[in-house]
Amino acid sequence: MGCGSSGARTPVASRTESAVQPLNSNVWLELATLHAAELHELLLAPPPQPAGFIVSALASAVDDDQLEVLLASLRTADPLAARRLLLLLIERDLDSTASAAELFRLDTLGTKAMRTYCCLEASGWLADVLAPRLTATLANPQRLEVDPLRLPATESAEANCAQLMAVSQGYLEALLAGCDSVPVGLRELFSEVKAMMVARSMPAATCRKAVAAFFFLRFVCPALATPYVFGPLAARLPPLPTDQPQGHRGAAGGNNVHAAVASAMGRRACVLIAKLLQALANEATAFKEPFMQPLAPFLSTNAAAVHTFYERLTAVPQPPGPQPPGQQPDRPAQPDPRHAEALAPLVALLACRLPAISASLNAEPKLSDAAAKATAQANFERLRKLVDRPKH
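Quick caveat: nothing in here was measured; it's all calculated off a predicted structure.

Parameters and conventions
- Residues numbered from 1 in each chain as written.
- Predicted model: local features only at pLDDT ≥ 70, side-chain atom pairs only at ≥ 80, totals over all residues.
- Heavy atoms only, no water.
- Helix = DSSP H or I, 4+ residues; strand = E, 2+ residues; numbered from the N terminus.
- Contact = heavy atoms within 4.5 Å.
- Core = buried A, V, L, I, M, F, W, Y, C linked by side-chain atoms within 4.5 Å.
- Buried < 20%, exposed > 50% of the residue type's maximum accessible area, 1.4 Å probe, protein only.
- Arc of directions from axis to C-beta.
- Salt bridge = Lys/Arg side-chain N within 4 Å of Asp/Glu carboxyl O.
- Polar contact = N/O pair within 3.5 Å; in protein donor to acceptor, adjacent residues only side chain to side chain.
- Phe/Tyr/Trp six-rings, centres within 6.5 Å; stacked < 30°, edge-to-face > 60°.
- Axes fitted to C-alpha atoms, helices over the stretch in contact; angles between N-to-C directions.
- Parallel < 35°, antiparallel > 145°, perpendicular 65-115°, else oblique.
- Nonpolar A, V, L, I, M, F, W, Y, C, P; charged D, E, K, R; others polar.
- Expected span 1.5 Å × (residues − 1).
- pLDDT = per-residue confidence, 0-100.

Draft legend 1. Examining the overall build of the protein chain more closely. If you tally the helices and strands in the protein chain, you get 16 helices and 0 strands. By sequence separation, contacts in the protein chain at least 24 residues apart represent 74% of the contacts at least 6 residues apart.

Draft legend 2. Representation of the nonpolar core within the structure. Membership of the largest hydrophobic core comes to 120 residues, with the highest contact counts inside it found for Phe 215, Phe 219 and Leu 277. Broken down by element, this core gets its largest block of residues, 15 residues, from helix 6 (residues 109-139). Contacts of Leu 277, omitting those with residues within four sequence positions, involve Ser 168, Tyr 171, Leu 172, Leu 175, Phe 216, Cys 221, Leu 224 and Phe 298.

Draft legend 3. Looking closely at helix 15 (residues 354-363). Listing the buried residues of helix 15 in full gives Leu 354, Ile 357, Ser 358 and Leu 361. Projected down its long axis, helix 15 shows its buried positions confined to an angular sector of 100°, all on one face.

Draft legend 4. Spatial organisation of the pattern of salt bridges. Enumeration according to the criterion identifies 19 salt bridges in this entry. Of the charged contacts in the structure, one is a salt bridge between Arg 382 and Glu 38, with a shortest N-O distance of 3.3 Å. Of the two residues, Arg 382 is situated in helix 16 (residues 370-387) and Glu 38 in helix 2 (residues 36-44); the sequence distance between them amounts to 344 residues. Judged by relative accessible area, which is 29%, Arg 382 ranks as partly exposed. Residue Glu 38 is classed as partly exposed on the basis of its relative accessible area, which comes to 27%. Residue Glu 145 pairs with Arg 268 through a salt bridge whose shortest N-O separation is 2.8 Å. One end of the pair, Glu 145, is in the loop between helix 6 and helix 7 (157-178); the other, Arg 268, is in helix 11 (residues 256-281), with 123 residues separating them in the sequence. For Glu 145, a relative accessible area of 11% gives the class buried. Assessed through its relative accessible area of 18%, Arg 268 is described here as buried.

Draft legend 5. How the structure looks around the environment of Asn 362. Within the fold, Asn 362 resides in helix 15. For Asn 362, a relative accessible area of 44% translates into the label partly exposed. The residues touching Asn 362, leaving out its near neighbours within four places in the chain, are Lys 373 and Gln 377. Within polar-contact distance, the side chain of Asn 362 engages the side chain of Gln 377 at 2.7 Å.

Draft legend 6. Seen up close, the packing of aromatic side chains. Per the stated rule, a full pass over the model turns up 9 aromatic pairs. Put simply, the rings of Phe 104, Trp 125, Phe 190, Phe 214, Phe 215, Phe 216, Phe 219, Phe 230 and Phe 309 pair up and form one aromatic cluster.

Draft legend 7. The packing of helix 6 against helix 8 (residues 184-199), seen in detail. Taken N-terminus to C-terminus, the directions of helix 6 and helix 8 make an angle of 150°; their axes are 9 Å apart at the nearest point. Classified by the angle their axes make, helix 6 and helix 8 are roughly antiparallel. Residue-level contacts link Met 114, Tyr 117, Cys 118, Glu 121 and Ala 122 of helix 6 to Gly 185, Leu 186, Leu 189, Phe 190 and Val 193 of helix 8. A class-by-class count of the residues in the contact of helix 6 with helix 8 yields 8 nonpolar, 1 polar and 1 charged.

Draft legend 8. Focus on unusual backbone geometry. Positive phi values are uncommon outside glycine, yet Arg 143 reaches one of about 65°. You can see Arg 143 is positioned in the loop between helix 6 and helix 7. For Arg 143, a relative accessible area of 43% gives the class partly exposed. Its identity is not glycine, yet Ser 201 carries a phi of approximately 60°, on the positive side. Mapped onto the elements, Ser 201 comes out in the loop between helix 8 and helix 9 (204-225). For Ser 201, a relative accessible area of 64% translates into the label exposed.

Draft legend 9. Highlighting the environment of Ser 191. With respect to the helices and strands, the residue Ser 191 is situated in helix 8. According to the relative accessible area criterion, Ser 191 is partly exposed, its value standing at 22%. Distance in space between the C-alpha atoms of Ser 191 and Arg 312 is 9.7 Å, their sequence separation being 121 residues. With residues near it in sequence (within four places) discarded, Ser 191 still touches Thr 314 and Val 316.

Draft legend 10. Representation of helix 7. In a regular helix each residue adds 1.5 Å, so 22 residues correspond to 32 Å; helix 7 covers 31 Å between its end C-alpha atoms and thus fits that length. You can read the cap of helix 7 off the contacts: a side-chain oxygen lies 3.3 Å from the backbone nitrogen of Glu 158, and it is on Ser 156.

Draft legend 11. Expanded view of the confidence of the model for the protein chain. Chain-level pLDDT for the protein chain is 81 on average; 80% of the residues reach the 70-or-more range. Counted against residues more than four places away or in other chains, residues 5-20, with its pLDDT under 50, gives 42 contacts. Taken together, the stretch residues 324-333 has pLDDT below 50 and engages in 13 contacts with residues farther than four places along the chain or on a different chain.

Shown next as C-alpha cells:
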C-alpha cells in the first residue's frame, strides 16, 4: 500500500449521473476479462496511440486514494504504461512551472503521482534501509535534542549537536549504501525525468537538486519523520506505548508513562534527523533556526554525497546481455488474461469518471492536432461503451 497507510484501503467509486458498482465488485473483473484485448489497446498502447491521454485524463479526475489504485492497477498490468503516464504528468509540470526552484515542490498531480509511485515501487526498499536504524533511535533517543527550549537540564546543546550529526551520518551512509538497490523501475523513471530536464537546457545543478530534493522531501523524509504512519516501515518497528497493555514495562525501563516520554523523544529525534537530511538534499549551506546553525558542518561535509546519490539514483543498470531478436523494450507485452484482475479497478475508475475524462480530453493541449484529438475521442467513445454499463 501507499506511504501513509498501514492497512488496506478500498475506495468506492461514485458519480452523480448514476450509481456504479464498487471498485472491488466482481462485475469489473468479469468486464476486464471479457474485453482484455480491447482494453489493452485503448489504455496501455504506447505512442503514437493516444492511450496515455485517456489515462492521464482519468488521473486528473480522481482523488488521492483513487490515484494510488490507478497507479497500482496500471503498474501491475503494464509497468511501461505506468511510467508513460508519470512522464506525461511530469512533462506538464515542467511546461507549467514558472521557476526551476518550484519544480516538484508544488502539490501538483505530477508530484502526487510521483510520490505514490515511489511508495508502490520502493516502500519495501526504504523499510529495509531505515528500519534497523530507526529501531535503535526509538529505543535510545537521548542526547539528540538541540533546541534550547526543549533541551533537558542534564544535557549539553554542544554535545547533542555532535551526537545528532553522528546519528544522521549513519542514516545518510545507509541510504548511500542502499542506493544501488533502489528498484530498477524507479531508477529508470528518475533517469527519464533527468533526460527531460536536460532536454529543456536546465543546468545540471537544477536537475540534480530537483530529483534529489524530491526523493527526500516527498519520500524518504516523511517516512523518517513519521515512521508509524508509513505502513511498510511501521510494521517493522516496536509498537507505540498506546499499543501496549496497561502496566507494560516500556523501552525506557519504566511503566507506560515513561515509555510514552521515551517514544515522544524518539519521534522528535526522527524529525530532527529528517530536517538534516532534507537540508542536505536541498543543498543548503545553513539552517533557518539559530539553534540549528552548529549543525552546518554536516551540510558542508556531505555536500558531495548528494551529488553521488543523485548520479547513482538516475543511473540505470545495463541488462546482463543483449535483448532477444525482435523484442521491443518500449512496447508492452500482448494482453495476458492474468492482467484482467489488475485492470479491473482501473475500469471501475473509468466508469465513475467518464464526464470528467471527456472534458479533460477536450482541453488537452497536446491534442491540439485535429486528427489526434479525433482519434482520442473515438477511442474514448469505445471505452465508454465498454465500461458505462454495470450499474446498481
